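Below, each chain spelled out in residue letters.
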Amino acid sequence: MIIYGTALLAACHLLGIFLGDLLGQAMGVKTNVGGVGIAMLLLIFARLYMQKKNILPKLTEVGVGYWGAMYIPVVVAMAAQQDVVSALRGGHLALLSALVAVGLCAVVISLINRMEKPSEEADAAALPTAVPTPHAK
Amino acid sequence: MLEILQKAAASNGLVTAFAIVGLVVLLSNFLSRKLTFGRVHGSAIAIVIGLVLAYWGGTQTGGHKGLADMSLFGGIGLMGGAMLRDFAIVATAFEVQATEARKAGLIGVVALVLGTVLPFIVGASIAWSFGYTDAVSMTTIGAGAVTYIVGPVTGAAIGASPDVMALSIATGLIKAILVMVGTPVAARFLRLKTPRSAMVFGGLAGTVSGVSAGLAATDRKLVPYGALVATFHTGLGCLMGPSVLFFATKALVG
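Residues numbered from 1 in each chain as written. Chains lettered and ligands numbered in written order. Predicted model: local features only at pLDDT ≥ 70, side-chain atom pairs only at ≥ 80, totals over all residues. Heavy atoms only, no water.

Chemist: For the pattern of salt bridges, give the residues involved together with the corresponding values.
Modeler: Considering all chains together, one arrives at 2 salt bridges over all chains under this definition. A salt bridge links E61 of chain A to K58 of chain A, with the nearest nitrogen and oxygen atoms 3.9 Å apart. In this pair, E61 of chain A and K58 of chain A both sit in helix α3 (residues 58-69), 3 residues apart, roughly one turn of the helix. The exposure class of K58 of chain A is exposed, given its relative accessible area of 63%. One salt bridge connects R85 of chain B with D86 of chain B, and the closest N-O pair in it is separated by 3.2 Å. (Salt bridge = Lys/Arg side-chain N within 4 Å of Asp/Glu carboxyl O. Helix = DSSP H or I, 4+ residues; strand = E, 2+ residues; numbered from the N terminus. Buried < 20%, exposed > 50% of the residue type's maximum accessible area, 1.4 Å probe, protein only.)

Chemist: How would you summarise the packing of helix α4 (residues 71-79) of chain A against helix α12 (residues 208-218) of chain B if you had to cite specific residues and measurements?
Modeler: Helix packing for two helices is described by the angle between their axes and how far apart those axes are. Interaxial distance between α4 of chain A and α12 of chain B falls to 10 Å at its minimum, and their mutual angle equals 125 degrees. Relative to α12 of chain B, the element α4 of chain A lies oblique. Considering only the axes of α4 of chain A and α12 of chain B, their crossing is left-handed. Contacts between α4 of chain A and α12 of chain B involve Y71, I72, V75 and M78 of chain A from the former and S209, S212, A213 and A216 of chain B from the latter. A per-class count over the contact of α4 of chain A with α12 of chain B returns 6 nonpolar, 2 polar and no charged. (Axes fitted to C-alpha atoms, helices over the stretch in contact; angles between N-to-C directions. Parallel < 35°, antiparallel > 145°, perpendicular 65-115°, else oblique. Left-handed = near helix turned anticlockwise from the far one by under 90°. Contact = heavy atoms within 4.5 Å. Nonpolar A, V, L, I, M, F, W, Y, C, P; charged D, E, K, R; others polar.)

Chemist: Describe in detail unusual backbone geometry, supporting the description with residues and values.
Modeler: With a phi close to 60 degrees, N54 of chain A is a non-glycine residue in the positive phi region. Not every positive phi belongs to a glycine, and R191 of chain B is a case in point at roughly 55 degrees. Along the chain, R191 of chain B turns up in the loop between α10 (162-190) and α11 (195-205). Note on R191 of chain B: relative accessible area 30%, which makes it partly exposed.

Chemist: Can you lay out the interface of chain A and chain B for me, pointing to particular residues and giving the numbers?
Modeler: Listed by partner, the interface residues are 82 residues for chain A and 98 residues for chain B. The largest contributions to the chain A side of the interface with chain B come from Y71, Q81 and L93 of chain A, which together make up 9% of the buried area. For the interface between chain A and chain B, the tally reads 0 salt bridges. Linking chain A to chain B there are 11 residue pairs in polar contact (both at pLDDT 80 or more). Broken down by element, the residue count for the side of chain A that touches chain B peaks at 21 residues, all from helix α6 (residues 91-114) of chain A. Looking at the side of chain A that touches chain B, its residues break down into 54 nonpolar, 18 polar and 10 charged. (Buried area = accessible area lost by both parts, 1.4 Å probe. Polar contact = N/O pair within 3.5 Å; in protein donor to acceptor, adjacent residues only side chain to side chain.)

Chemist: So what's going on with the domain arrangement of chain A? Residues and values would help.
Modeler: What the domain assignment reports for chain A is domain 1 (1-82) and domain 2 (83-118). Once you take the C-alpha centre of each, domain 1 of chain A and domain 2 of chain A turn out to be 28 Å apart. (Domains from an automatic or database assignment.)

Chemist: Give a description of the nonpolar core that names residues and reports values.
Modeler: Residues L43 of chain A together with I47, F201 and L204 of chain B are the most contacted members of the largest nonpolar core, which totals 113 residues. It is α10 of chain B that contributes the most residues to this core, 12 residues altogether. Residue contributions to this core reach at least three from each of two domains, namely domain 1 (1-82) and domain 2 (83-118) of chain A. When neighbours within four sequence positions are excluded, F201 of chain B is seen to be in contact with I109 of chain A together with V179, T183, L190, L192, G206, V211 and L215 of chain B. (Core = buried A, V, L, I, M, F, W, Y, C linked by side-chain atoms within 4.5 Å.)

Chemist: Talk me through the side chain of T249 of chain B; I want residue IDs and the actual numbers.
Modeler: Here T249 of chain B is to be found in helix α13 (residues 223-253). Contacts of T249 of chain B, omitting those with residues within four sequence positions, involve F120, A135, M138, T139 and G254 of chain B.

Chemist: Give a detailed account of the packing of aromatic side chains, specifying residues and quantitative values.
Modeler: Summed over the entire model, instances satisfying the criterion amount to 3 aromatic pairs over all chains. Arranged with centres 5.4 Å apart and planes meeting at 85 degrees, the rings of Y66 of chain A and W67 of chain A form a pair that is edge-to-face. A relative accessible area of 18% places W67 of chain A in the buried class. Geometrically, the ring pair formed by F246 of chain B and F247 of chain B is tilted, given 6.0 Å between the ring centres and 45 degrees between the ring planes. According to the relative accessible area criterion, F246 of chain B is buried, its value standing at 10%. Of the residues examined, F247 of chain B reaches a relative accessible area of 51% and is grouped as exposed. (Phe/Tyr/Trp six-rings, centres within 6.5 Å; stacked < 30°, edge-to-face > 60°.)

Chemist: I'd like a rundown of a nonpolar patch on the surface, residues and numbers included.
Modeler: All names here are of chain A. A cluster of nonpolar side chains, contributed by M1, I2, I3, Y4, L59 and V62, occupies part of the molecular surface with about 600 Å² of accessible area. Those elements that place two or more of their residues in the nonpolar patch are α1 (2-27) and α3. Following the sequence through the fold, I3 ends up in helix α1. (Patch = residues over 30% accessible without salt bridge, like charges linked within 9 Å, V, L, I, M, F, W, Y side chains within 5 Å. Areas by Shrake-Rupley, 256 points an atom, 1.4 Å probe, with all protein chains shown as cover.)

Chemist: Account for the confidence of the model for chain B, naming residues and giving values.
Modeler: All names here are of chain B. Averaged over chain B, the pLDDT score is 85; the fraction of residues at 70 or greater is 98%. Averaged over each element, pLDDT in chain B is lowest for helix α6 (residues 98-103) (73) and highest for helix α2 (residues 13-34) (93). Reported confidence for the predicted complex is 0.79 by ipTM and 0.76 by pTM. (pLDDT = per-residue confidence, 0-100.)

What follows is the structure in structure tokens.
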């Protein structure tokens, strides 16, 4: 049943957010600490476990896969509700610090990624594309 | 006629949002194929169209939620809101190869810490050069350069003034937009090819919205790896901002 997959996803999501809130409270910060990341880890472990036990039928996978494939449309909707007007109104200070911060981080990302061994790149090229996205050419 | 159609769209907000976003994606993929011959990813164009629509919506309504503030497009707010966004991000984890993720564990943490401290130093220094020389303002604007959520959370915790808070949020927003639009352009320079490189990117570039949109527009396969790390970004920033980073700034400028 397709709902099993979606329900599994929902359960991981909720549990992750809950644990993230607990973690935030334990650390004394007013926000969620890594809730979504924890939820992702839970889902990864759930998949590995269910695959091993052989209780992961195709239809259940589709119940998760659909939402994974909806990811890009959701991101487009997210972009459409950014506060672009006030971002542009922030002036030189905001623009300059954002530009320099992004530029500096880009250089560091590039440096770290250039240190990666080429063999790992070859491994990754062999990565299967798991969910076929409809827009892919 | 038109009125009835408008009412139908407004009272079925989420469904309308699905239709509109589908149309935007369709148009973007068409433009990507015909205008750029596939060189610019359709998702990148769709995100830029989204941002332009957000700007248009913002100027029309004067609100803070872009297109979602217009009653006709209210459903966009639900579709692209934190709930469905996180739901879809979590779903992408289903495609993660656990072995790949484990390989990048330590470097992911290093990237996260760098991704918090470096933008903070940049933001705080530029704030200082613009005349915001007190520790509270410097910390708040520096935290805004981490993400647009860390900024106001930090500012509220240490008692920043409203205009500094607004600057801090604006800094974070511009950063998120720059990452969204710039990532596909800079993908080659950033060496964004492997799951490990996506995790480094997720840690350093910060902002879930920027990372998730930037990776989506670069290579859909890399999204879960980047998002996995990036979701810890805001939490770490909110942890360090009002504490370690604030105390360090205070020690430096008194």
